[in-house]
Amino acid sequence: MSSAVEKQISILGHKDFKSDYKPVWCAGCGDFGVLNALTKAMAALELQPENVAMIAGIGCSSRIPAYTSVYGFHGVHGRALPLAAGLAISRPDLTVIATGGDGDGFSIGGNHFLHACRRNVDMTYLVMDNTVYGMTKGQASPTTECDWTGSKLSPQGTGQPPLQPLEIALAAGAPYIARAFSNSPNDLARTMAEALSFRGFSFVQILSPCITFRPDQLGWKKRVHAGFEATDNRAAAFAALADDDGFTTGTLYRAPRPCHASARAEETTVQAIQDQFGVKT
Amino acid sequence: MSSDSLSLALIGSGGAGVMTAGQTLLDAAAACGLYGLMTRATGPQIRGGEAAAILRLSSEPVECQDDRLDVLLAIDWNKAERFADELILDANSRIIADPGQGQAPEWVRTSGARVLDVPLSELVKNHRGTRANTIAVGLLSHWIGLDNARTENTVRGILESKGARLVDAAIAGLQLGFSQARELPELPQTLPAAGAARERWLISGNEAVGLGALRAGVRFCAAYPITPSTEIQEWLAVHLPAVGGTLVQAEDELASINMCLGASFGGVPAITATSGPGFSLMVEALGLASQAEIPMVVVDVMRGGPSTGIPTRSEQADLNIAIHGAHGDAPRLVLAPNSIGDCVSTTEWAVHLAEALQTPAVVLSDQRLGQGRAAIPSPPPARWQAQRKLTTDTGESFRRFADSSDGISPMSLPGMAGGEYTATGLSHMASGRPSASGSDHRRQLDKRRRKLQAFDFGKQWADIEGDGDTAVLTWGSTTLAAREAVTRLRAKGQSVRLVSIRLLSPLDTGALEEALAPVKRLLIVEQSHGGQFHRYLRSLIDLPAHTRVLARPGPLNIGPGEIARAIQSLCLEEAA
Ligand SMILES: Cc1ncc(C[n+]2csc(CCOP(=O)(O)OP(=O)(O)O)c2C)c(N)n1
Ligand code: SF4
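Remember, predicted model here, so these are calculated numbers, not experimental data.

**Q** Break down the sheet that holds strand 9 (residues 246-249) of chain B for me, with residues and values.
**A** Residue and element names in this part refer to chain B. Taken in spatial order, the seven strands line up as 9-8-10-11-13-12-19 in an open sheet, and their pairing is mixed. Each having just a single partner strand, strand 9 and strand 19 (503-505) make up the two edges of the open sheet. Neighbour-to-neighbour, the strand axes of this sheet turn through a mean angle of 20 degrees, independent of strand direction. Here strand 8 (residues 220-223) pairs with strand 9 via four bridges, running parallel. Residue Ala-223 lies in a different strand from strand 9, and its bridge partner there is Gln-249. In the packing of helix 9 (residues 253-265) onto the sheet, the strands contacted are strand 8, strand 9, strand 10 (270-274) and strand 11 (296-302), and the crossing angle to strand 8 comes to about 165 degrees.

Put into structure tokens, the structure is as follows:
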């Protein structure tokens, strides 16, 4: 994103993209930063609210559609991606954004994540990763460190290595992959605007602290650092991830490939199709 | 009707081509001006198991199998003992078997049917390129009295695109069959003469569902393959794009139904097709569709259950989950076609109702209908269209879930400026804003229930035929055998009323009570072990004191003779 966008961000009223709903999030939740950056990105791209649809599953983060003034669908846990894909495929005129948390996206919705990366429908997936289930009061998520003992459900820690969303996205074929931090508003808005403008499936992992169940994440500010250089070379992207500490931000990979397209067929009428059933004597 | 029709079955190992042969014979019979039906019976395995194509041909429309067979042709006897309790033979039946395939199973030997030898495997060996199933088609076609030239034309038509060599080999096979048939003694039962030339269709229930969806305006389908529903998806995969629609092969059923909700939220009428296990996975999203008032249609082509059950055979035991599945109070429409032709209209109607009422609709078809293929009178022209009530009043005052006397709230679609709202599975207020308030919750529950209660569903909630104080009450595919049972009794001078319910939920209890008012004796017929239909009816209305239930799990067909006997003993019981 150019500095022109940055200028526009300051000029256009991103408040037009906000609804009058007051978020239910805890004061200090990282998701506020995501909401702000997203409305800025939409304003910067001069999108019309009626032509944008935000689709979410269930979780604190998944509440975000209602806090914007665009069309929204707050579905069931884990199913934001297929909902969004159905809409994006049948309404290619819209800007479709799927959003949610790490539990929603990588646990219950894990299978859809793999297939969304492969399928490459033209839409954007924003995951607010706080490495915890916020809404159900602090259980480990797939991205939680193996020795985190803060949950009553896994008092000894999960004992499992955290899932690596960027590696998985890359392996599964996502053509656009980035990481951002909710506490770096301009970088985040820039990354989002880039993801939204990308033609194809764009995935942004947003580190978004849960200050209530993971107050230790306040320390993320010090750990986050820019570093990814956008590449269209898979080997280079994998190499970058091999050196990643989980806090590197930027666009990791950007390699446009053909989007999922509706099958084409010779046009006909329902009547002509129906006539095929007539018995020929 | 039994005497006006001819019943045949072809059996053999899966892969022996009995389905192709059966289908070819049905097509040839249709080309000769007959009506007919072919149902499939196979084991769960794809190849190597047992397979039967069961046909019934008649000069009048027929859509259920008879109680017995006139002809059984066995290409081989592999696992044929599994058909002992459904392919019923008697002294008037004729068996064609290849002596090279060993002895017929006991059930065949003890039936009293006459076995006629035809050395199919030897013929194939001596005539390179021919196949036993094509010879069988030629043989049966000639023996039962179809026109050889029309049968040849039918085969040519089917194989045309596959090249001259294949066509030539098939014609050679047919002719071998014709000449074998000339050597056989005459059949005791002759083929009824073809009726007057009327417009007819050759179609399967699964294709009919696809066509109904297309006719009503469905332009999106997402689905995951599952027997016996896959043909709906396959048919739509070809024909949706041709009318500007889209089919997505989803990663699973959770994705399928949610993709449909996404498309429908965007204003594109959507359908998914599945069977029992897949339907179970869709139930959570069905509740979402109900709560968020997003129309869509789920077709459940029922198979034997629970769990993976019997994938290739029919049952009617998904009624409970279709009506009640999903937590909370989640009203939806549940419809059931009661013939192959009716699969077209009922699907159409389901799309129409779902869209009009912004409510999910479930269409309960089953394996017998879905994979059954028939030559039928052509169904009526399209009558039901997807017509969604859209708002004209976007802006400050637009409230997506505004209440009204009919409970239907005009909807906005993405792209309509001023209509922006967030659909949600959470309880909400009229604006769509989530709310945990008891009164908001109740108001919206009331509204959603009222939508269904206030709507005038008209007369097609059921098919009601005949009169009298004895009645048969049924739904879905079992209607076909019940209808024939009633026809047979009527021919003997007994009047019996048939009530086949098409709109199972919401049930028009007033109309049903009216239909049953003169009824003293009632027989309920359904293909489920637990009597799900009977229990459901009892939960909503008082049934006549003298009510009996003929309920049996799949896959064994409930035949017309059995239903007729049950009706007669019902009448005797009371007399006693
Ligand atoms: C089928 C189902 N299972 C479980 C839940 C309970 N549930 C709600 S949100 C949630 C986890 C949310 O975590 P995450 O996606 O990381 O979002 P966050 O709240 O942290 O933003 C769970 C398990 C549910 N709503 N539905
Ligand atoms: S619980 Fe955590 S994730 Fe949820 S709103 Fe509070 S801070 Fe945010």
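From this point on, the discussion continues.
**Q** Break down empty space enclosed by the protein for me, citing the residues and quoting the values.
**A** Residues and elements named next belong to chain B. In the structure shown here, the tally under the stated rule is three cavities of 30 Å³ or more. Taken as a whole, the largest cavity holds about 130 Å³ of empty space. What lines the largest cavity is a set of 15 residues, among which Glu-63, Cys-64, Arg-368, Ser-477 and Asn-557 lie closest to the centre. Taken together, the elements giving at least two residues each to the lining of the largest cavity come down to strand 2 (35-42), helix 13 (367-370) and helix 15 (478-491). In terms of residue count, helix 15 provides more of the lining of the largest cavity than any other element does, three residues in total.

**Q** With reference to specific residues and values, describe the site of ligand 2.
**A** If you check the shell around ligand 2, you find Trp25(A), Cys26(A), Cys29(A), Cys60(A), Asn130(A), Cys210(A), Ile211(A), Thr212(A) and Phe213(A) and nothing else. Looking at the shell around ligand 2, its residues break down into seven nonpolar, two polar and no charged.

**Q** Quick rundown of the interface of chain B and chain A? Include the residues and the values.
**A** Contacts between the two partners involve 56 residues from chain B and, on the opposite side, 49 residues from chain A. Summed over both sides, the interface of chain B with chain A buries roughly 4,200 Å², with 65% coming from carbon and sulfur. The interface formed by chain B and chain A holds two salt bridges in total. In this structure, Asp20(A) and Arg433(B) form a salt bridge, with 3.3 Å as the shortest nitrogen-oxygen distance. Counting across the chain B and chain A interface gives 21 residue pairs in polar contact (both at pLDDT 80 or more). Among the elements of the structure, helix 1 (18-31), strand 7 (200-204), helix 7 (205-216), helix 8 (230-242), strand 9, helix 9, helix 10 (276-292) and strand 15 (422-424) of chain B are those that each provide at least two residues to the side of chain B that touches chain A. Across the side of chain B that touches chain A, the residue classes tally to 32 nonpolar, 14 polar and ten charged. As defined by bridge partners, strand 2 (residues 71-74) of chain A adjoins strand 15 of chain B across three bridges and the pair is classed as parallel. Paired with His74(A) across the bridge in strand 15 of chain B is Thr424(B).

Calculation rules
Residues numbered from 1 in each chain as written. Chains lettered and ligands numbered in written order. Predicted model: local features only at pLDDT ≥ 70, side-chain atom pairs only at ≥ 80, totals over all residues. Heavy atoms only, no water. Pairing = 2+ DSSP bridges. Helix = DSSP H or I, 4+ residues; strand = E, 2+ residues; numbered from the N terminus. Axes fitted to C-alpha atoms, helices over the stretch in contact; angles between N-to-C directions. Contact = heavy atoms within 4.5 Å. 1 Å grid on protein atoms, 1.4 Å probe; cavity = no way out; pocket = protein on both sides within 12 Å on 5 of 7 lines; lining within 4 Å. Points joined across faces, edges and corners; volume = space filled by probe spheres on them. Near = heavy atom within 4 Å. Nonpolar A, V, L, I, M, F, W, Y, C, P; charged D, E, K, R; others polar. Buried area = accessible area lost by both parts, 1.4 Å probe. Salt bridge = Lys/Arg side-chain N within 4 Å of Asp/Glu carboxyl O. Polar contact = N/O pair within 3.5 Å; in protein donor to acceptor, adjacent residues only side chain to side chain.

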